[in-house]
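Take a look at the letters that make up each chain.
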Amino acid sequence: MSGAALGLEIVFVFFLALFLLHRYGDFKKQHRLVIIGTLLAWYLCFLIVFILPLDVSTTIYNRCRHAAANSSPPENNNVTGVYEPVTPAPRQHPCFKPWSYIPDGIMPIFWRVVYWTSQFLTWILLPFMQSYARSGGFSITGKIKTALIENAIYYGTYLLIFGAFLIYVAVNPRLHLEWNQLQTIGIAAANTWGLFLLVLLLGYGLVEIPRSYWNGAKRGYLLMKTYFKAAKLMTEKADAEENLEDVMEEVRKVNESIKYNHPLRKCVDTILKKCPTDYQEKMGRNMDDYEDFDEKRNTYPSEKSLVKLHKQVIYSVQRHRRTQVQWQILLEQAFYLEDVAKNETSATHQFVHTFQSPEPENRFIQYFYNPTVEWYWECLLRPWFHRILAVVLSVFSVIVVWSECTFFSTTPVLSLFAVFIQLAEKTYNYIYIEIACFLSIFFLSICVYSTVFRIRVFNYYYLASHHQTDAYSLLFSGMLFCRLTPPLCLNFLGLTHMDSSISHQNTQPTAYTSIMGSMKVLSFIADGFYIYYPMLVVILCIATYFSLGTRCLNLLGFQQFMGDNDMTSDLVDEGKELIRREKRKRQRQEEGENRRREWKERYGHNREDSTRNRNVHPDPKEPNFSDTTTNWSSKYTRANNRTERDRIELLQDAEPLDFNAETFTDDSLEPESGRYQPGGRYLSMSSSIIFEDI
């Protein structure tokens, strides 16, 4: 089994990263380099998290083996010649080789390759690919040029700082830094930046994840929050449609001004290919005239303006598509939560859906997950499961907060993670060690990574599921993961006292710690910042628990979901009305389809039989074509028969308008003050959302 566990985890983590990237990215439409770069960044970060417990168990075994090799029986210094028995040394626990033992020399090389590859991605390659993906250039050379210009300041800042540091070291005669020490300083600088962001994200996730599962057991809470999301998403959807219309109008003007023989016509054709299909059909190519482009001496757009327009088209089309997909997903979620609320009082214990799923369900799932099982799970078991899970996660959060505040204490050992690992180390229970390490670092990773997936910075960075994340956000998430994972692992090793700089013991370090170098070069960081800064997680957890960030954003005008706020109540009512309209619209569509199906079943066979009989036995008294046309038009013009009117309505797919005579007044024709503005404007500002999980 030597090295087999490492190989299995490498394969498993690859498919895990591929699955998550498939959920958020779009393999068919996005550039292959974007997919490969993001996949590599996610894969390396997840791989570090999964492999680190194996490194811990291997290090504990190596410590036991070296201790046994260095121990020797005491010498007999008897010079009198009289036999004196030698007291044997106390018997130590045998050093069993763990099942996941990795041979010496493999882990240092593995960590070195993984670490430096991730650092190359996050500091050099991914920022360049971000600018390349957002560029509106029409050629590879143009996109590379734009990316280099945008990253010149970014790269120049680091080079300036590094150059100033080298000059300072060269001028100061008391400082003699070698290459290994310079490498350690660079690693410490990167980890310091990552630790600063890590504590912020960790403080939010430690509170929000247990609270989200606890609120998941409240049906009324989830339904109200869904209504709130619907109101905000509708505003964003209307804004995206309006923005797309404006951009398409600019494209139409450019398409009409630049003729078929203009040198920039290829650029216009490239822009048209990025437009939605219906807009392409409306605009088409302006090739019906044969006038030269310079005869009228009109003012034509420059290539730089076309590059800017190309960038706007890519952004507006992607945003419009994302809001459309998210709206449909949110509708399905709202309909399902309303069905759960209705079925909770069902006496038959059978879950009944208002709308059937458009996709056919698997027979295996349909057999085991029948309506009865679904009712017991959704209405009875699932709330209790969420409550129990929330309590367990809350206990983990308390353990993490306590350990973050006390991990620097070695005598006595106050960090609970260190206590658990040291107890298992005494008995050399490697299975328990690996499980404890995996659960600990996995929980820390979930708290940090889930915040990265949930956070939203306006429309600048947003990870949207169901293949709706743009290339820029995917690459930015890869950068964040590569910068957060190394300090996360070092923080975990410090909590378990596996880092010798924390435990202050002369023991063999882990292979991961060895590639980081000795932090004694920067003692103010090793003994100061790394020790005391993680304690701020307590303040961040308290702020998250009382929703201080949400309240501040709400005061600034960015509407957030708060149960004790009037604006939230208004948006909930607005979203409820939107869901009710969409539900009624879908019900009318299903009723229309059922009526058309019944009409075909009732009249379709008779019509086919009569047509077949007329073809086989023609009627000599049958009128000519002109008479038939006249009779047909007069027949449907009069429309005195109700059956004929129903047929006409079915053929035209007419849908009746919503009308309520009791509530219809003249005031309803005017917009409400402060609720709805002309042009589809609502109160919410969904384009400015932070920590949103729509």
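In the nomenclature of an unreviewed UniProt entry, the protein is known as G-protein coupled receptor-associated protein LMBRD2 isoform X1 of Cricetulus griseus. What UniProt records for the protein under Sequence similarities (unreviewed entry) is the sentence "Belongs to the LIMR family."

Draft legend 1. Representation of a negative patch on the surface in the model. A cluster of acidic residues, Glu245, Asp246, Glu250, Asp278 and Glu281, forms a negative patch at the surface. Every element with two or more residues in the negative patch is listed here: α6 (219-257) and α8 (277-283). No other element matches the three residues that α6 contributes to the negative patch. With respect to the secondary-structure elements, Asp246 resides in helix α6.

Draft legend 2. Region of the structure containing the pattern of salt bridges. All told, the structure shown has 15 salt bridges when counted by the stated rule. A salt bridge links Arg65 to Asp104, with the nearest nitrogen and oxygen atoms 3.0 Å apart. Within this pair, whereas Arg65 is found in helix α2 (residues 32-70), its partner Asp104 is found in the loop between α2 and α3 (106-134), the two being separated by 39 residues in sequence. According to the relative accessible area criterion, Arg65 is partly exposed, its value standing at 29%. We note a salt bridge from Arg319 to Asp239, for which the minimum N-O separation is 3.0 Å. Of this pair, Arg319 sits in helix α9 (residues 303-343) while Asp239 sits in helix α6, placing them 80 residues apart in sequence.

Draft legend 3. The nonpolar core, seen in detail. Grouped together as the largest cluster of nonpolar side chains are 96 residues, with contacts concentrated most on Trp42, Trp111, Leu206 and Tyr512. Counting residues per element, this core draws most heavily on α2, which supplies 20 residues. The contact partners of Trp111, leaving out residues within four places of it in the chain, are Ile48, Ile51, Leu52, Asp55, Ala511, Tyr512 and Ile515. Core analysis: the second largest hydrophobic core is formed by 19 residues, Ala231, Met234, Phe561 and Leu578 among them.

Draft legend 4. Fine view of the environment of His262. Relative to the assigned elements, His262 resides in the loop between α6 and α7 (265-274). Relative accessible area serves as the criterion here: at 11%, His262 is assigned to the buried category.

Draft legend 5. Spatial organisation of the packing of aromatic side chains. Per the stated rule, a full pass over the model turns up 31 aromatic pairs. Relative to Tyr101, the ring of Tyr61 lies with its centre 5.1 Å away and its plane at 75°, an arrangement referred to as edge-to-face. Of this pair, Tyr61 sits in helix α2 while Tyr101 sits in the loop between α2 and α3, and the two are 40 residues apart along the sequence. Centre to centre, the rings of Trp111 and Tyr512 are 5.1 Å apart; their planes meet at 80°, and the pair counts as edge-to-face. Here the residue Trp111 occupies a position in helix α3, and Tyr512 occupies one in helix α16 (residues 511-516), the gap between them amounting to 401 residues. With respect to burial, Trp111 and Tyr512 carry one shared label: buried. Ring pairing ties together the aromatic residues Tyr24, Trp42, Phe46, Tyr449, Phe453 and Phe481, which thus form one cluster. Its guanidinium or amino end placed over the ring of Tyr24, Arg23 lies 6.0 Å from that ring's centre, counting from NZ or CZ. Lying across the ring of Phe355, Arg586 places its NZ or CZ 5.4 Å from the centre.

Cut-offs used in this document
- Residues numbered from 1 in each chain as written.
- Predicted model: local features only at pLDDT ≥ 70, side-chain atom pairs only at ≥ 80, totals over all residues.
- Heavy atoms only, no water.
- UniProt positions renumbered as here; feature names shortened; annotations may be inferred.
- Patch = residues over 30% accessible without salt bridge, like charges linked within 9 Å, V, L, I, M, F, W, Y side chains within 5 Å.
- Areas by Shrake-Rupley, 256 points an atom, 1.4 Å probe, with all protein chains shown as cover.
- Salt bridge = Lys/Arg side-chain N within 4 Å of Asp/Glu carboxyl O.
- Lys, Arg positive; Asp, Glu negative; His and termini not counted.
- Charge placed at Lys NZ, Arg CZ, Asp CG, Glu CD.
- Helix = DSSP H or I, 4+ residues; strand = E, 2+ residues; numbered from the N terminus.
- Buried < 20%, exposed > 50% of the residue type's maximum accessible area, 1.4 Å probe, protein only.
- Core = buried A, V, L, I, M, F, W, Y, C linked by side-chain atoms within 4.5 Å.
- Contact = heavy atoms within 4.5 Å.
- Phe/Tyr/Trp six-rings, centres within 6.5 Å; stacked < 30°, edge-to-face > 60°.
- Lys NZ or Arg CZ within 6 Å of the ring centre and 35° of its normal.

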